[in-house]
Each structure stands twice: as structure tokens, then as C-alpha cells.
Amino acid sequence: MRYISTRGQAPALNFEEVLLAGLATDGGLYVPENLPRFTQEEIASWAGLPYHELAFRVMRPFVTGSIPDADFKKILEETYGVFAHSAVAPLRQLNGNEWVLELFHGPTLAFKDFALQLLGRLLDYVLEKRGERVVIVGATSGDTGSAAIEGCKHCENVDIFILHPHQRVSEVQRRQMTTIFGENIHNIAIEGNFDDCQEMVKNSFADQSFLKGTRLVAVNSINWARIMAQIVYYFHAALQLGGPARSVSFSVPTGNFGDIFAGYLARNMGLPINQLIVATNRNDILHRFMSGNQYVKETLHATLSPSMDIMVSSNFERLLFDLHGRNGAAIAGLMDSFKKDGSFSVEQERWTEARKLFDSLAVDDAQTCETIAEVYEQTGEVLDPHTAIGVKAARECRRSLDIPMVILGTAHPVKFPEAVEKAGVGKALELPAHLSDLFERNERCTVLPNDLKAVQAFVSQHGNRGKPL
Ligand SMILES: *Cc1c(COP(=O)(O)O)cnc(C)c1O
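These figures come from a predicted structure and were not determined experimentally.

(A) Up close: the packing of helix α8 (residues 194–206) against helix α18 (residues 452–462). Contact geometry for α8 and α18: axes closest at 10 Å, N-to-C directions at 65°. Relative to α18, α8 is oriented so that their crossing is right-handed. Here M200, N203 and S204 of α8 lie close against α18, whose contacting residues are L452, V455 and Q456. When the residues that make up the contact of α8 with α18 are grouped by side-chain class, the tally is three nonpolar, three polar and no charged.

Spelled out as C-alpha cells, the structure:
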């Protein structure tokens, strides 16, 4: 499998290269040159497979030529073996024909584990083969950092540095990062905000001289391997609900358009999906595009669903590429004008094409809390605020009651107690067994000033399993 850039000017790469690449050199994102397509018979034959075996069948075409089957199988079995639920991604029924796909049974209780547990293992495998070491520098406002650290903690060939804004992430989220010890794990609390952290990561990619030749790798959602891993659970859910003989719809709480883009790919790979609902919080750039063909950058709002607090959706470019007949020059032009004006719209027929599959809704904090309360009353289930946004959008935008509606349950409610409290749900939330002593564990973290040079000096002094590069 070869991968090409959405802006058409960067060299095509194989899977191994794309795993290590991050952004393409032309500023675009990598996508498969040709998407694999499965027949209905083939998909039907996967019913009842354990999650890791389904994952092998769905993802195999993407890694062909880079990872031998036997090795890939082993990696997948290990990856999904660490999940606390034997079904890995169980479906829970809320209402008639309405289901939550619980994607929060991984080590850090959010769906990002599906991709980052795999990414860590794939990186280590590929690096071992190449005899290379890499450094990861990432910024987090919460979920990504802990999932990346958990995913990389056993990597022999990776040193990971995660920057978070000092005293500005929740205690559960901070402890999920700082209580994981390893000579290759480095938590840095920056005396600044999340944007400052992100800016430092961006600047570190732009000038890598402080790394003395060691490669820098990105673990944010633009990494192709993360998208790839997320395709699998769409197949997994549909197969349990009568697919592919029957089509299924999905409602996806989204910020960077990563998770829902994986659903779009699943459909193009042959899975009958009737409708994909883009569910956003008040940071609704995607909803404004889907409802009115206006992709316009606005200011950032802090919400009760912080993992979707974004101004621009980085993966949306991948959908735009397809909507424009995979014309890289057209995308480069669109992105240039976005950079200049902070906005664009697309030709009417391209927008209409997107709307055949996608619907959308923006849900504010008050509606989020109402939905948490409503679902608790109806079912006794406590939803996290991101999942609640998915439920609200599913109920508002649903096209057919005969087609099963699956809401992606992106996080465990215990991670976001503020929203659950505000919703007035009286039920005490407990940490799952593997995290029950989280508040007693020791923490390890270095506080650094909001200064790029200080951070880069720290990385170069500790980037080789705690020793200087
Ligand atoms: C990251 C995250 C999201 C948003 O995912 P995207 O891929 O950016 O759309 C939603 N919910 C939770 C809990 C997350 O951690």
C-alpha cells in the first residue's frame, strides 16, 4: 500500500514511512492511494470474530508490504488484549434501536487507546527493524497525553515527552500521565496554557536541530495509523447489529474529524452505513460547514467536553480531498485561502455530495447536561459529556428509526466528573479496578517555564532513555 499527500506535492510513502512521517512535506496529510474494498460476503464472514482478528482483516491491506501477517497478528492480539472488557468494544442498548458503542475500556478510559495502544507497538516494531530510535514530543489538554504515554511505555526505541499546561488539566487526567513511570517517559508541565504547549511542539517540528539527528514523531490525530485503527470498530459494531445485510448509522462526537473520518472510510471500504452524524460542542466549525457550507475559523470556547475544544479540524482536509476528486492542487489552494482569510466554502455540488452521508448538530453545555440527566433517568446509565453530545445529535438528526443508530461512547464518565455533577446525577462514579488506587500513586513530572529553549534543552538532555541525545 502506498500513501499520497492531500496537497499533491509530497512523495508517496509506504506504510512504514507514513507511520513515522507526520505531516507531508507539502503541508498535506497522507491518505491511502487506493482504498481497499471488501465484498458483502467477505464482511459477512467476519461475524463473531474476536476483536483482534477482525482488526487483522480490516487493517491488513493498509500494512501489506511493511509488516508480515504473522507479526501483525501478534501485535494486534497484544494491543487489544490489554482492554478490560472481553468484547473490547461492547455495545450497550439505550433505547429501541439506539446503542452506545463503549470505546472506553482501554487503559486510559477513552477511545484514543484503540489507536495509541496500536501506534506504540507498531512504532517499536518498525524502529527495531530499522535499528533506529525516535523522540515523541506532544502537547495535550488531557486525553491524548495519557493514551500516548500508556501506548509507548513499553517501547524500547521511543522516548516520549508530553507537555501539558501546568495546573490546567483535571486531576484524573494529570494523574493518568504522571503516575506512569519509565526511563523513556517524561511529563512536562508548562507554566502556560494549552496553546503555548502546542506552539512549542509545532516549533520543535519546524527546527529539529536540538535533537542532534534523532527523528521526531507526531502522535496527534493526523497520524495515519491512528485513523486506520479507528476504522475497525465501525465494522465491529455493524456486524453485531445485522450488518452488512442491514445498514447502520453512527453519531460521532468529534473535534478534529479523526474518529468520524474513520467511519467514512469504513463505508467506502464496503460497510453499509446509512448516515454519519457530526456531533460537536460549541466549537462548531464542522457543524457550520455541514449545515451551511461555511468553514470559518472562530475563537475558542472552553466547554464541559474539553476533548472537542478546537478551532480548526485538522483531519477535515482528508474529506475535502475526496470531495474535490482527489485533486491536490485544489486542496492546496483551498488551504491557502483558509490561511489568508480564515474561511472558505466549496462548490454547491461538492457540499451536496457530503450531505448525502453527513448530518450535524452543535450541542452546548446546558444541552449536554440535560442529555446526561435524561439518559440517566431513562436507563440508569451515566454518560460522559462527549458521548452525551453524540446522543443528543443522534436523537435530533436521525433519518430513520428502522436503521440501528450507534453513538460512539468516547470516554468513561469518571474522567469528566464536572459535567456529571452539573447534570445533577447523584450516582457516585468509581474508577475501574485497574485505576482504583490512582489517587494514592506517586507522581513524576517536571515543571518548566513557558520557554521553548528550556523545553528543547530538557528534551536533548533526557531523550535517550533519560540520558543526553
Ligand atoms: C479526542 C476525543 C474526541 C474527539 O475526537 P476527534 O478524533 O478529534 O474527532 C471526542 N471525545 C473524547 C473523549 C476524546 O478524547
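Having put the structure on the table, let's press on.
(B) Seen up close, helix α15 (residues 365–379). Relative to the 21 Å expected for 15 residues at 1.5 Å per residue, α15 spans 21 Å between its end C-alpha atoms, a close match to the ideal helical length. Within α15, burial applies to T368, C369, T371, I372 and V375. Looking straight down α15, one finds its buried side chains confined to an arc of 160°; they lie on one side. Among the exposed residues of α15, those pointing more than 90 degrees away from its buried face are E370 and E377. Where α15 is buried, its residues touch β4 (91–95), α16 (385–397) and α17 (417–422). Looking one or two places after α15, you find G380, whose phi comes out positive at around 80°.

(C) Spatial organisation of the sheet that holds strand β2 (residues 13–14). The strand order across the open sheet built from three strands is β2-β1-β3, with neighbouring strands paired in antiparallel fashion. Each edge of the open sheet is held by one strand with a lone partner, namely β2 and β3 (30–32). As defined by bridge partners, strand β1 (residues 2–5) adjoins β3 across three bridges and the pair is classed as antiparallel. The residue of β3 that forms the bridge with S5 is Y30.

(D) Summary view of the packing of aromatic side chains. This model, assessed by the stated rule, comprises 26 aromatic pairs. A ring pair is formed by Y51 and F114, whose centres lie 5.7 Å apart and whose planes are at 65°; its orientation type is edge-to-face. Of the two residues, Y51 sits in helix α3 (residues 51–63) while F114 sits in helix α5 (residues 112–130), which places them 63 residues apart along the sequence. An angle of 25° between the planes, with centres 4.9 Å apart, marks the rings of Y295 and F344 as stacked. Of this pair, Y295 sits in strand β12 (residues 295–296) while F344 sits in strand β13 (residues 343–344), and the two are 49 residues apart along the sequence. Accessibility classification places Y295 together with F344 in one group, the buried group. Here a set of aromatic residues connected by ring pairs shows up, and it is made of F257, F261, Y264, F289, Y295, F316, F338, F344 and F358. Here the basic side chain of K73 rests over the ring of F56, its NZ or CZ set 4.9 Å away from the ring centre. One cation-aromatic arrangement involves R444 over F181; the distance from NZ or CZ to the ring centre is 5.8 Å.

(E) Structural context of the pairing of strand β10 (residues 248–253). Extensive coverage of β10 is indicated by the burial of six of its six residues. Of the two faces of β10, both are covered, the one formed by V248, F250 and V252 as well as the one formed by S249, S251 and P253. Summarising the sheet, β10 and strand β11 (residues 273–280) pair through five bridges and their orientation is parallel. Directly across from S251, in β11, lies its bridge partner I277.

(F) Seen up close, the nonpolar core. By size, the foremost hydrophobic cluster in this structure holds 111 residues, and its most contacted members are F15, Y234 and F235. In terms of residues, this core owes the most to one element, helix α9 (residues 224–240), which gives 13 residues. Residues in contact with F235, not counting those within four places in the same chain, are F38, I43, W46, L54, V58, A266, M269 and L271. A388, A394, M405 and I407 belong to the second largest nonpolar core, which has 25 residues in total.

(G) Examining the site of the ligand more closely. Close to the ligand lie 15 residues, the nearest being K112, D143, T254, N256 and T410. Within the backbone of G258, an N or O atom sits 3.4 Å from an oxygen atom of the ligand. Expressed as a share of its isolated accessible area of 390 Å², the protein-covered part of the ligand is 96%.

(H) Inspection of unusual backbone geometry at higher detail. Residue G243 is joined to P244 through a cis peptide bond whose omega torsion reads 0°. Considering the arrangement of structural elements, one finds P244 in the loop between α9 and β10. You will see that N97, though not glycine, has its phi angle at about 60°, which is positive. Along the chain, the position of N97 falls in the loop between β4 and β5 (98–102).

(I) Molecular detail of the UniProt feature "domain: Tryptophan synthase beta chain-like PALP" (unreviewed entry) in the chain. Per the UniProt record, "domain: Tryptophan synthase beta chain-like PALP" (unreviewed entry) is annotated on residues 92–330. Strand forms 20% of residues 92–330 and helix 41%; the C-alpha atoms that close the span are 42 Å apart.

(J) The arrangement of the UniProt feature "domain: Threonine synthase N-terminal" (unreviewed entry) in the chain in detail. Under the present numbering, the feature "domain: Threonine synthase N-terminal" (unreviewed entry) in UniProt falls on residues 2–80. The span residues 2–80 carries 47% helix and 11% strand; its end-to-end C-alpha distance comes to 26 Å.

Cut-off values and rules
- Residues numbered from 1 in each chain as written.
- Predicted model: local features only at pLDDT ≥ 70, side-chain atom pairs only at ≥ 80, totals over all residues.
- Heavy atoms only, no water.
- Axes fitted to C-alpha atoms, helices over the stretch in contact; angles between N-to-C directions.
- Helix = DSSP H or I, 4+ residues; strand = E, 2+ residues; numbered from the N terminus.
- Left-handed = near helix turned anticlockwise from the far one by under 90°.
- Contact = heavy atoms within 4.5 Å.
- Nonpolar A, V, L, I, M, F, W, Y, C, P; charged D, E, K, R; others polar.
- Expected span 1.5 Å × (residues − 1).
- Buried < 20%, exposed > 50% of the residue type's maximum accessible area, 1.4 Å probe, protein only.
- Arc of directions from axis to C-beta.
- Pairing = 2+ DSSP bridges.
- Phe/Tyr/Trp six-rings, centres within 6.5 Å; stacked < 30°, edge-to-face > 60°.
- Lys NZ or Arg CZ within 6 Å of the ring centre and 35° of its normal.
- Core = buried A, V, L, I, M, F, W, Y, C linked by side-chain atoms within 4.5 Å.
- Near = heavy atom within 4 Å.
- Polar contact = N/O pair within 3.5 Å; in protein donor to acceptor, adjacent residues only side chain to side chain.
- Areas by Shrake-Rupley, 256 points an atom, 1.4 Å probe, with all protein chains shown as cover.
- UniProt positions renumbered as here; feature names shortened; annotations may be inferred.

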